[in-house]
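Reading the structure
Chain by chain, the residues run as shown.
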Amino acid sequence: MAGKVCEIVEKLVLPYAEECGVELVEVEYAKKANGMNLTIFIDKVGGVDINDCEKLHRLIDEPLDVLDPTQGKSYILNVSSLGIDRPLKTFRDFQRNENKEIVVKLFAPIDGKKIYEGVLCEFDEKTFKIKNKDGCFTFEKDKTALIEPLIRF
């Protein structure tokens, strides 16, 4: 059901996101500690601020009530920026992080290692490459547990 809810909500929200000047990146419908959450992730050049989130939230709140994508089941609506630590999931996530440092965590080790760090230098629908001081490494997306930006403080 979660996939269908996300698909229905994405179709509804897309024109409102465009009206607000933001990119609709992902719709997530998932159980959290406080119950079911419907989260709309947005982005824009220069970054998203609280005003962007509030504006889109106000625009979609009533149309979502009318659409009733969860068939009467209650949920908490969230509109959120991606966050600097958002895992890379979509093709657009890879585009946003091209030539930036990422961390790759694998399900099974390759050459005895399950964690790799490097600059994302190439990608397609199924694979991606990183480059670091040890060389260039190619990974299959479906064999990775997590791919996320490398954040240094």
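What this report covers is the structure whose coordinates are included nearby.

Conventions used here
- Residues numbered from 1 in each chain as written.
- Predicted model: local features only at pLDDT ≥ 70, side-chain atom pairs only at ≥ 80, totals over all residues.
- Heavy atoms only, no water.
- Helix = DSSP H or I, 4+ residues; strand = E, 2+ residues; numbered from the N terminus.
- Buried < 20%, exposed > 50% of the residue type's maximum accessible area, 1.4 Å probe, protein only.
- Contact = heavy atoms within 4.5 Å.
- Areas by Shrake-Rupley, 256 points an atom, 1.4 Å probe, with all protein chains shown as cover.
- Lys, Arg positive; Asp, Glu negative; His and termini not counted.
- Charge placed at Lys NZ, Arg CZ, Asp CG, Glu CD.
- Pairing = 2+ DSSP bridges.
- Axes fitted to C-alpha atoms, helices over the stretch in contact; angles between N-to-C directions.

Things to note about the overall build of the protein chain
When its secondary structure is counted, the protein chain shows three helices and eight strands. Across the protein chain, helices and strands are ordered from the amino to the carboxyl terminus as α-β-β-α-β-α-β-β-β-β-β. Based on the C-alpha atoms only, the size of the protein chain along its principal axes is roughly 55 × 30 × 30 Å. Across the 153 residues that make up the protein chain, the buried fraction comes to 37%. In the protein chain, of all internal contacts separated by at least 6 residues, the share reaching a separation of at least 24 is 51%. Summed over all atoms, the accessible surface of the protein chain reaches about 9,400 Å², with 51% contributed by carbon and sulfur. Within the protein chain, one finds 23 positive and 28 negative side-chain charges whose respective centroids are separated by 5 Å.

Section: the sheet that holds strand β5 (residues 113-123)
Pairing between sheet strands relies on hydrogen bonds along the backbone, with the strands arranged either parallel or antiparallel. One open sheet holds the five strands; their spatial order is β7-β6-β5-β4-β8, and the pairing between them is antiparallel. Bordering the open sheet on either side are β7 (135-140) and β8 (144-149), each of which pairs with just one other strand. For this sheet the average axis-to-axis angle between neighbouring strands, irrespective of direction, equals 40°. When strand β4 (residues 101-110) meets β5, the two strands line up antiparallel, connected through six bridges. Counted as the bridge partner of V103 is E117 from β5.

Description of the side chain of D93
Tracing the sequence through the fold places D93 in helix α3 (residues 91-96). The buried category is assigned to D93, whose relative accessible area is 1%. Sequence-distant contacts of D93, that is, excluding residues within four places in its chain, are made with V25, R86, P87 and L88.

Focus on the pairing of β7
The pairing of strand β6 (residues 127-132) with β7 spans six bridges and is classified as antiparallel. Bridge pairing in β7 places N132 opposite G135. Remark: two residues form the turn of the hairpin made by β6 and β7, two consecutive strands paired antiparallel.

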